[in-house]
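One-letter residues, chain by chain:
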Amino acid sequence: MSELGEIWVYLAREPLAALTATLLAWIGALRLQRALGRHPLANPVLFAVAILAAALLLTGIDYRAYFEGAQFVHFLLGPATVALAVPLHRQWAAVRRSAALAALSVVTGGLFAAAVGVGIALALRAAPEVVASLAPRSVTTPVAMGIAERIGGLPSLTAALVICSGITGAALGPLVLDLARVRDMRARGLAIGTASHGIGTARALSVSAAAGAFSGLAMGLNALASALLLPLLWHLVFG
């Protein structure tokens, strides 16, 4: 409660231009998505990021100055993540029946995603820091940054890669799953949540409650499994 009180004092005292710009960019992105018929490639997160980036570049505002005004949105990331437990609870009977296979699928998918990223980076002879930064790219941002720091990567680069992976997965994931003829919403949710974490989960929730619940489950399990296994496997393989 004291932390919420401090945030409220901050919001009441500081200019809210950055927070207002963030909300306006998101509203504009949602309207653009609707104008494009909610096409899978019309991702509002991508649109909002592009709008804000363009605005900061055109006005010459430093990102750190912008973030100080918009950090309340960043604070809400925690409650929003916890709120993913609501659709999971509503689908608990289906989740319980598929728990073992779901866990196996998520762990396998998460490790495969890490191996593909590392393999491509090694094939392109990327610097060791870049290779390590790519390993946790399919894990949600805070956990991915911690993993990258532990294995010698660059947390800031990992954060950018995670966001790009999330946007790409949310936009192209449904199309790929359609091509693969994956119709089961549970399987679709697991795939999107494993590969695209929170951004993909938001997309899955907009399509189906079952897909959203399993996507949230996959995001959490992948974060837990990656935090435990990736550093161990990294040191075993690369010393």
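Because the structure is a prediction, the values reported are computed rather than measured.

## Quick look at a nonpolar patch on the surface
Reasoning step 1: Taken together, Leu111, Leu122, Leu224, Leu228, Leu229, Leu232, Leu233, Leu236, Val237 and Phe238 make up a surface patch of nonpolar side chains, about 940 Å² in accessible area.
Reasoning step 2: If you list the elements that add at least two residues to the nonpolar patch, you get α8 (99–123) and α13 (209–238).
Reasoning step 3: Of the residues forming the nonpolar patch, the biggest block, eight residues, is contributed by α13.
Reasoning step 4: Note on Phe238: relative accessible area 41%, which makes it partly exposed.

## Description of the pattern of salt bridges
Reasoning step 1: Taken as a whole and judged by the stated rule, the model has four salt bridges.
Reasoning step 2: Ionic pairing is found between Asp178 and Arg188, a salt bridge with its closest N-O pair at 2.9 Å. One end of the pair, Asp178, is in helix α11 (residues 155–179); the other, Arg188, is in helix α12 (residues 185–207), and ten residues separate them in sequence.
Reasoning step 3: Its salt-bridge partner being Arg186, residue Asp184 comes within 2.8 Å of it at the nearest N-O pair.
Reasoning step 4: Relative accessible area serves as the criterion here: at 33%, Asp184 is assigned to the partly exposed category.
Reasoning step 5: Taking the relative accessible area as the measure of exposure, Arg186 reaches 33% and is therefore partly exposed.

## Observations concerning the layout of surface pockets
Reasoning step 1: Its boundaries defined by the atoms lining it, the largest pocket holds a volume of some 2000 Å³.
Reasoning step 2: Trp26, Val45, Val73, Leu77 and Ile199 are, among the 44 residues lining the largest pocket, the residues nearest its centre.
Reasoning step 3: Counting only elements with at least two residues in the lining of the largest pocket, the list comes to α2 (17–35), α3 (44–59), α4 (63–75), α5 (77–82), α10 (141–150), α11 and α12.
Reasoning step 4: It is α12 that provides the largest number of residues to the lining of the largest pocket, a total of eight residues.
Reasoning step 5: Of the residues in the lining of the largest pocket, the class split is 29 nonpolar, 13 polar and two charged.
Reasoning step 6: Among the domains, domain 1 (2–75) and domain 2 (82–238) are the pair contributing at least three residues each to the lining of the largest pocket.
Reasoning step 7: In this structure, the second largest pocket occupies an estimated 490 Å³ of space.
Reasoning step 8: Taken together, 21 residues make up the lining of the second largest pocket; nearest its centre are Arg137, Gly169, Ala191, Ala195 and Ser196.
Reasoning step 9: Considering every element that reaches the lining of the second largest pocket, the biggest residue donor is α11, with nine residues.
Reasoning step 10: Taken together, the residues of the lining of the second largest pocket break down into twelve nonpolar, eight polar and one charged.

## Thoughts on the UniProt feature "transmembrane region" (unreviewed entry) in the protein
Reasoning step 1: In the UniProt entry, the feature "transmembrane region" (unreviewed entry) is given for residues 15–32, 44–63, 69–88, 100–124, 157–177, 189–211 and 217–238.
Reasoning step 2: End-to-end, the C-alpha atoms of residues 69–88 are 33 Å apart, and along that stretch the chain is 85% helix and 0% strand.
Reasoning step 3: A helix fraction of 96% and a strand fraction of 0% characterise residues 100–124, whose end C-alpha atoms lie 37 Å from each other.

## A closer look at the packing of aromatic side chains
Reasoning step 1: Scanning all chains against the criterion turns up three aromatic pairs.
Reasoning step 2: A ring pair is formed by Trp234 and Phe238, whose centres lie 4.3 Å apart and whose planes are at 35°; its orientation type is tilted. In this pair, Trp234 and Phe238 both sit in helix α13, four residues apart, roughly one turn of the helix.
Reasoning step 3: Taken together through their ring pairs, the aromatic side chains of Tyr63, Tyr66 and Phe67 make up a single cluster.

## Details of the domain arrangement of the protein
Reasoning step 1: Its domain assignment divides the protein into domain 1 (2–75) and domain 2 (82–238).
Reasoning step 2: Distance between the C-alpha centres of domain 1 and domain 2: 25 Å.
Reasoning step 3: With six residues of domain 1 at the contact, the number on the domain 2 side is seven residues.
Reasoning step 4: Carbon and sulfur atoms make up 72% of the surface buried where domain 1 meets domain 2, a total of about 620 Å² over both sides.
Reasoning step 5: Considering only the side of domain 1, the residues that lose the most area to domain 2 are Pro40, Leu41 and Asn43, jointly responsible for 63% of the buried surface there.
Reasoning step 6: For the pair domain 1 and domain 2, the interface holds zero salt bridges.
Reasoning step 7: In this assembly, domain 1 and domain 2 are joined by zero residue pairs in polar contact (both at pLDDT 80 or more).
Reasoning step 8: Split into classes, the residues belonging to the side of domain 1 that touches domain 2 amount to four nonpolar, one polar and one charged.

Definitions and limits used
- Residues numbered from 1 in each chain as written.
- Predicted model: local features only at pLDDT ≥ 70, side-chain atom pairs only at ≥ 80, totals over all residues.
- Heavy atoms only, no water.
- Patch = residues over 30% accessible without salt bridge, like charges linked within 9 Å, V, L, I, M, F, W, Y side chains within 5 Å.
- Areas by Shrake-Rupley, 256 points an atom, 1.4 Å probe, with all protein chains shown as cover.
- Salt bridge = Lys/Arg side-chain N within 4 Å of Asp/Glu carboxyl O.
- Helix = DSSP H or I, 4+ residues; strand = E, 2+ residues; numbered from the N terminus.
- Buried < 20%, exposed > 50% of the residue type's maximum accessible area, 1.4 Å probe, protein only.
- 1 Å grid on protein atoms, 1.4 Å probe; cavity = no way out; pocket = protein on both sides within 12 Å on 5 of 7 lines; lining within 4 Å.
- Points joined across faces, edges and corners; volume = space filled by probe spheres on them.
- Nonpolar A, V, L, I, M, F, W, Y, C, P; charged D, E, K, R; others polar.
- Domains from an automatic or database assignment.
- UniProt positions renumbered as here; feature names shortened; annotations may be inferred.
- Phe/Tyr/Trp six-rings, centres within 6.5 Å; stacked < 30°, edge-to-face > 60°.
- Contact = heavy atoms within 4.5 Å.
- Buried area = accessible area lost by both parts, 1.4 Å probe.
- Polar contact = N/O pair within 3.5 Å; in protein donor to acceptor, adjacent residues only side chain to side chain.

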